[in-house]
Amino acid sequence: MSADGIVLPSDSVFGDDLLSPSSSIDPHDQSDNDSINASVESASQFEEYEIEKAPRFEELETENGSIRVSVDSPEFEEPKIGKEFPTDLAAYEFYNMYAFHIGFSVRKENVRKNRRNFNTMRFFSCSKAGVYRNRPKGDKPRKRNELDTRTDCKAHMKINICKKGVYTITSFDPKHKHILATPSKRRFLKSHKVMNDSQKAIADVAESAGLKPKQIYDFMAKQARGRKHLTFLPDDYKNYLRSKRMHAMALGDAGAIMQYLQTRVKEDPSFYYALQVDEDDLITNIFWADGRSLLDYDCFGDVICFDSTYKTNEYGRPFAPFVGVNHHKQTVVFGAGLLYDEKISSFEWLFQTFMHAVGGKAPRVILTDQDAAMSRAIANVWPNTTHRLCVWHMYQNAAKHLSHVFNGSKSFERDFSNCVYDCDDEEEFLEAWNDMIEKYELSQNKWLTELFEIRKKWALVYGRQVFCADMKSTQRSESFNSIIKRYLRPTQRLLDFFNHYERLLEERRDAELLFDFRASQGIPSFQFSDMLKQAGAILTPTVYKVFQAEYMRFVNCEAHYDGQSENMHKYSVISGGSGKKKRCTVWYDSMEDSITCSCLKFEFVGVQCCHVTKVLDTMNIKLLPEKYYLKRWRKDAKSLISKVSMNRILSWISQTVTVVCWEFIPLFF
């Protein structure tokens with residue numbers, strides 16, 4: 001018997017003599033107490049016990065003889081005939097607590113009901129009651145390794161409802177025909193493995209934060225100061241997750257998603273969503289965006305990246321986010337879609353829906369991968385939007401289709417890169433391309449021929465005049481998708497996907513808030529010119545660093561005045577220092593106080609180049625005209641959202657009412 005007075009199994013470290021039915025322990029006999037303490041001390045490597053005083057015991061009869069059970073615990077109370085309970089559940093909890101202190105598990109057995117379906121009798125037994133019977137022929141056989149745990153134990157407690165309307169104990173048998181569990185093993189008994197509401201709440205919060213089941217269990221075990229203090233096992237937690245998910249799936253994926261979308265509308269009146277159904281009323285495509293995403297688009301939606309390569313679930317449906325870059329050059333999300341497929345019709349629906357959500361404002365530039373269906377849809381829906389191809393994807397395709405050239409020549413990659421990035425005008429590009437084709441004998445290569453036909457979508461020489469926020473690839477979208485992959489597996493439910501998507505948006509917006517706070521706390525300290533001081537006060541710290549790096553390059557530039565025509569002044573600027581020389585032409589309009597450069601860096605990136613700052617310095621102009629500090633790169637970029645823009649978006653959304661009877665629409669997923 002342990003220090004808690006619970007009978008121990010025969011293989012216990014305390015020895016067999018403590019289990020003998022004929023053995024007797026007198027709590028007032030000091031020798032007995034000394035032997036108990038000595039036994040506990042020797043077993044400390046297996047179990048922890050704390051004995052402050054000799055416990056008091058009560059005799060309990062079992063089939064194995066008389067045992068003594070500690071009654072010092074304030075929760076311990078032996079059932080007695082006539083004890084009353086307000087409900088049958090209260091009676092069960094009382095008996096289950098008693099069973100925990102004794103060391104057995106409770107099973108709910110017989111129940112008797114009246115005509116009003118009210119329980120009038122309940123019978124609670126030991127989980128080892130009864131015996132296994134041979135199964136009739138044709139029944140499913142028992143599992144080979146299934147244990148026979150029944151011992152025909154007669155221990156039980158029976159309750160009946162009395163005239164007062166309460167339940168009373170009418171029968172109680174304390175005798176057990178098996179060895180009882182030791183204190184350290186009682187948590188493994190089935191009726192005592194439960195998760196209470198507070199534990200479920202903690203687990204739900206941890207799950208929503210992206211932790212895996214094992215991580216959640218380990219966290220809760222640490223919080224409880226060890227696994228032995230938890231009232232449930234890892235498998236019990238997995239069963240809880242399974243039952244919770246089955247409950248959420250009761251409506252089906254369509255019902256759960258519709259419930260999520262409608263709840264979001266209640267929480268955020270500017271939340272926008274749209275569904276597309278086929279001729280069988282099956283949901284095919286979904287688009288959604290919250291109010292914050294729509295306002296972000298109004299600020300930074302001039303350039304967007306679109307990528308649909310990440311597949312969300314076991315059916316392989318593409319996840320298609322619309323992302324861009326904010327004033328801190330951080331990724332910002334404007335909305336997202338779940339598509340049925342990647343056909344022209346699906347892309348057209350998504351682009352049209354997105355434009356409707358943002359009040360009809362089409363992006364100036366969109367960057368995508370080299371997908372023919374996507375290109376057709378963009379041309380049909382946004383004919384005036386500049387479509388640029390992701391350079392990174394193009395290099396990946398080049399490595400695939402031209403692997404023999406990449407592997408056979410060390411100079412091909414350099415020559416190919418020169419065509420993509422380094423040509424200053426179309427004539428130079430065409431010359432470099434033809435030289436490359438001739439040098440590596442690629443005139444018959446079909447893939448390169450097709451690539452050349454769409455050169456205006458990827459060669460930088462054709463895109464410098466269009467503002468792209470310094471983005472040349474869809475890596476913003478792919479980076480966002482890679483973060484989603486950390487938390488989601490293809491086999492997870494779509495409702496989990498939506499919840500994690502919301503959490504990732506919150507993380508990104510919190511990061512933006514932190515950068516806004518830091519930008520408001522001061523200006524860069526290293527400012528040796530009036531123009532740098534001006535830029536530091538206006539631009540966000542991230543963009544200021546880009547401006548500062550470009551500004552510092554004008555030291556290695558040479559400016560030559562080439563004359564003027566009316567109010568236009570022309571300068572030739574040679575940059576490069578001791579390295580490769582590059583000549584650019586700068587025009588300054590004294591009437592309009594405007595300045596442009598042939599390198600088109602400002603038009604592409606939104607930050608003035610070193611050639612312009614060199615000419616301004618030569619002309620003794622110390623400050624850059626404020627129109628060259630783009631609104632989208634300023635510290636106060638979002639505070640400049642006009643009330644007209646906000647009202648336009650909210651008014652547009654309020655005109656769109658989507659009514660879907662979600663109980664009757666199954667989802668394709």
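Residues numbered from 1 in each chain as written. Predicted model: local features only at pLDDT ≥ 70, side-chain atom pairs only at ≥ 80, totals over all residues. Heavy atoms only, no water.

### Here's the deal with the overall build of the chain
A count of helices and strands for the chain gives 21 helices and 19 strands. A total of 669 residues make up the chain; the buried ones form 48% of that total. Counting contacts in the chain only where the partners sit at least 6 residues apart, residues at least 24 apart contribute 61% of the total. As displayed, the chain offers around 35400 Å² of accessible surface, 51% of which is attributable to carbon and sulfur atoms. (Helix = DSSP H or I, 4+ residues; strand = E, 2+ residues; numbered from the N terminus. Buried < 20%, exposed > 50% of the residue type's maximum accessible area, 1.4 Å probe, protein only. Contact = heavy atoms within 4.5 Å. Areas by Shrake-Rupley, 256 points an atom, 1.4 Å probe, with all protein chains shown as cover.)

### So, the nonpolar core
Side chains that are nonpolar tend, in soluble globular proteins, to be buried together. Within the largest apolar cluster, 65 residues are counted, with the highest numbers of intra-cluster contacts made by Leu-261, Trp-288 and Phe-547. Every residue in contact with Trp-288, bar those within four places of it in the chain, is listed here: Leu-261, Phe-271, Tyr-272, Tyr-273, Phe-319, Gly-335, Ala-336, Gly-337, Leu-338, Phe-497, Phe-498 and Tyr-501. Membership of the second largest hydrophobic core comes to 30 residues, among which are Ala-289, Ile-304, Val-381 and Ala-637. (Core = buried A, V, L, I, M, F, W, Y, C linked by side-chain atoms within 4.5 Å.)

### Details of the packing of helix H13 (residues 426–439) against helix H14 (residues 446–453)
Relative orientation of the contacting elements H13 and H14 amounts to 175 degrees, with a least axis distance of 13 Å. Here H13 is positioned roughly antiparallel relative to H14, judged by the angle of their axes. The residues of H14 that touch H13, namely those facing Phe-429, Leu-430, Trp-433 and Ile-437, are Leu-448, Leu-451 and Phe-452. Looking at the contact of H13 with H14 residue by residue, the classes come out as seven nonpolar, no polar and no charged. (Axes fitted to C-alpha atoms, helices over the stretch in contact; angles between N-to-C directions. Parallel < 35°, antiparallel > 145°, perpendicular 65-115°, else oblique. Nonpolar A, V, L, I, M, F, W, Y, C, P; charged D, E, K, R; others polar.)

### Structural notes on the sheet that holds strand E17 (residues 568–575)
Read across the open sheet, the four strands follow the order E16-E17-E18-E19; overall the sheet is antiparallel. In this open sheet, the two strands that pair with only one neighbour each are strand E16 (558–565) and strand E19 (594–597). The sheet shows a mean angle of 20 degrees between the axes of neighbouring strands, direction not considered. Here E16 runs beside E17; their pairing, made up of seven bridges, is antiparallel. Residue pairing in the sheet places Ser-565 in a bridge with Met-568 of E17. (Pairing = 2+ DSSP bridges.)

### A word on a nonpolar patch on the surface
On the surface, Phe-526, Phe-528 and Met-552 cluster together into a nonpolar patch covering about 320 Å² of accessible area. In this fold, Phe-528 is placed in the loop between helix H16 (494–520) and helix H17 (530–538). (Patch = residues over 30% accessible without salt bridge, like charges linked within 9 Å, V, L, I, M, F, W, Y side chains within 5 Å. Salt bridge = Lys/Arg side-chain N within 4 Å of Asp/Glu carboxyl O.)

### Things to note about the packing of aromatic side chains
This model, assessed by the stated rule, comprises 39 aromatic pairs. Aromatic side chains Tyr-92 and Phe-124 sit 5.6 Å apart centroid to centroid with 55 degrees between the ring planes, which places their arrangement in the tilted category. Linking Tyr-92 in helix H2 (residues 88–102) with Phe-124 in strand E5 (residues 119–126), this pair joins segments that are 32 residues apart in sequence. Exposure class is identical for Tyr-92 and Phe-124. Each is buried. With centroids separated by 5.7 Å and ring planes inclined at 80 degrees, the aromatic side chains of Phe-429 and Tyr-462 adopt a geometry described as edge-to-face. Taken together, the residues span a long stretch of sequence, with Phe-429 in helix H13 and Tyr-462 in the loop between H14 and helix H15 (475–487) at a distance of 33 residues. Of the residues examined, Tyr-462 reaches a relative accessible area of 13% and is grouped as buried. Among the aromatic residues, those joined into a ring-pair cluster are Tyr-272, Phe-287, Tyr-297, Phe-306, Phe-322, Phe-334, Phe-347, Phe-351, Phe-354 and Trp-382. A cation over a ring is seen here: Lys-83 above Phe-94, with NZ or CZ 5.3 Å from the ring centre. The ring of Phe-515 has Arg-518 lying over it, and the distance from NZ or CZ to the ring centre is 5.9 Å. (Phe/Tyr/Trp six-rings, centres within 6.5 Å; stacked < 30°, edge-to-face > 60°. Lys NZ or Arg CZ within 6 Å of the ring centre and 35° of its normal.)

Read these as layout, nothing more, since geometry by itself doesn't imply function.
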